[in-house]
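# Observations on the three-dimensional arrangement
Each chain, letter by letter, is given below.
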Amino acid sequence: MQIGKKLPAFKLADHRNVITDIYELKSDKNLVVYFYPKKQSKICTAESCRFRDLYQEFTDADTVVVGVNNSMPYQIKSFKENHRLPFTLLSDPGLAVHKLFDVPAYFGITGRETFVFDREGVLVYRFNSFFNGQKHATSALKKLTGK
């Protein structure tokens, strides 16, 4: 997905196994969608916890944060609960949304990529770092706030 493109419409089951429409979740706010490859791994846990730790700053920047993983809803629910993640996690076991966003796979593992959309749903920033999970949250927040 290229900068300047519109947020594609999609629906996925969330951590409660409730079908969630991304446009209803986003509403009129900015949106950060981050893809993490393997729940409970060291890097994915650090990445998600960094989004958690900065969550109030994202909220102050009028931004909704959403994590996407290829695990089943009950699996992402336990990940969410274990790490007290205050934002929505979505389940994409068929990788349809991963493909929609052009998130690459590495050695059979889904990629780690973060997308920032403005209030109009236009992609304004894309960040890819497979091994530096914590940088995803800080770079997205910097794009949103300039800090």
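Note: the structure precedes this text.
Presented here is an overview of the structure given in this document. Numbering of residues starts from 1 in every chain and runs along the sequence as written. In keeping with the predicted nature of the model, local features appear solely for residues at pLDDT of at least 70, side-chain atom pairs appear and are counted solely at 80 or more, and the whole-chain, interface and lining totals rest on all residues. Water and hydrogen atoms were dropped before computing side-chain values, which therefore reflect all heavy atoms in the structure.

## A short note on the overall build of the protein
Note the threshold: Segments assigned H or I by DSSP are reported as helices when at least four residues long, segments assigned E as strands when at least two residues long, and all are numbered from the N terminus. Note on definitions: a residue-residue contact is assigned when non-hydrogen atoms from the two residues lie within 4.5 Å. All accessibility values rest on the Shrake-Rupley procedure with a 1.4 Å probe; residue burial counts only the protein chains present in the view.
A count of helical and extended segments in the protein gives 6 helices and 9 strands. On the principal axes, the C-alpha backbone points of the protein span a range of 30 × 30 × 30 Å. Nonlocal contacts in the protein, meaning residues at least 24 apart in sequence, comprise 65% of its contacts between residues at least 6 apart. As displayed, the protein offers around 7300 Å² of accessible surface, 52% of which is attributable to carbon and sulfur atoms.

## Here's the deal with the pattern of salt bridges
Our working definition: By definition, a salt bridge exists where a carboxyl oxygen of Asp or Glu is found within 4 Å of a side-chain nitrogen of Lys or Arg. Burial classes: relative accessible area under 20% of the type maximum marks a residue as buried, over 50% as exposed, and values in between as partly exposed (1.4 Å probe, protein chains only).
Scanning all chains against the criterion turns up 7 salt bridges. When the shortest N-O distance is used, the salt bridge between Arg-16 and Asp-14 registers 2.4 Å. Take Asp-14: its relative accessible area is 1%, and that puts it in the buried class. One salt bridge connects Asp-62 with Arg-119, and the closest N-O pair in it is separated by 3.0 Å. One end of the pair, Asp-62, is in the loop between helix H3 (55–60) and strand S4 (63–69); the other, Arg-119, is in the loop between strand S8 (113–117) and strand S9 (123–128), and 57 residues separate them in sequence. For Asp-62, a relative accessible area of 24% translates into the label partly exposed. Overlapping salt bridges bring together Lys-29, Asp-62 and Arg-119 as one network.

## What about the nonpolar core?
Going by this rule: Residues belong to a common nonpolar core when they are buried Ala, Val, Leu, Ile, Met, Phe, Trp, Tyr or Cys residues joined through side-chain atoms within 4.5 Å.
In this structure, Phe-10, Leu-31, Phe-35, Phe-101, Phe-115 and Phe-117 are the most contacted members of the largest nonpolar core, which totals 18 residues. Counting residues per element, the ones that place at least two in this core are strand S3 (30–35), S4 and S8. Other than its neighbours up to four places away in sequence, Phe-10 contacts Thr-20, Asp-21, Ile-22, Leu-90, Val-97, Leu-100 and Phe-101. In terms of nonpolar packing, the next biggest core, distinct from the first, is built from 16 residues, Val-32, Phe-79, Phe-87 and Leu-89 among them.

## What to know about the packing of aromatic side chains
Heads up, the condition is: Only Phe, Tyr and Trp rings take part, Trp by its six-membered ring, and two of them pair if their centres are within 6.5 Å. Stacked means planes under 30 degrees apart, edge-to-face means over 60, and tilted covers everything else.
In this structure the tally under the stated criterion is 13 aromatic pairs. Ring centres 6.4 Å apart and planes at 15° place the aromatic pair Tyr-125 and Phe-127 in the stacked group. What makes Phe-127 buried here is its relative accessible area of 13%. Taken together, Tyr-34, Tyr-36, Phe-51, Tyr-55, Phe-58, Phe-79 and Phe-87 form an aromatic cluster joined through their ring pairs.

## As for the sheet that holds S8
Operational definition: Note: two strands are recorded as paired if DSSP finds a minimum of 2 bridges between them. What counts as an axis is a line fitted to C-alpha atoms, over the stretch in contact for a helix, and the angles between N-to-C directions run from 0 to 180 degrees.
On the basis of which strands lie adjacent, the open sheet formed by 7 strands has the order S2-S1-S5-S4-S3-S8-S9 and mixed pairing. The sheet is open, and its two borders are formed by strand S2 (19–21) and S9, each paired with just one other strand. Taking the axes of each pair of neighbouring strands and ignoring which way they run, one obtains an average angle of 30° across the sheet. As paired strands, S3 and S4 are joined by 6 bridges and run parallel to one another. Looking at the pairing, Leu-31 lines up with Val-64 of S4.

## Remarks on the side chain of Thr-114
Along the chain, Thr-114 falls in strand S8. Under the relative-accessibility criterion, Thr-114 is labelled buried at 0%. Contact partners of Thr-114, with chain neighbours within four places excluded, come to Val-32, Val-33, Tyr-34, Glu-47, Phe-51, Tyr-125, Arg-126, Phe-127, His-136 and Ala-140.

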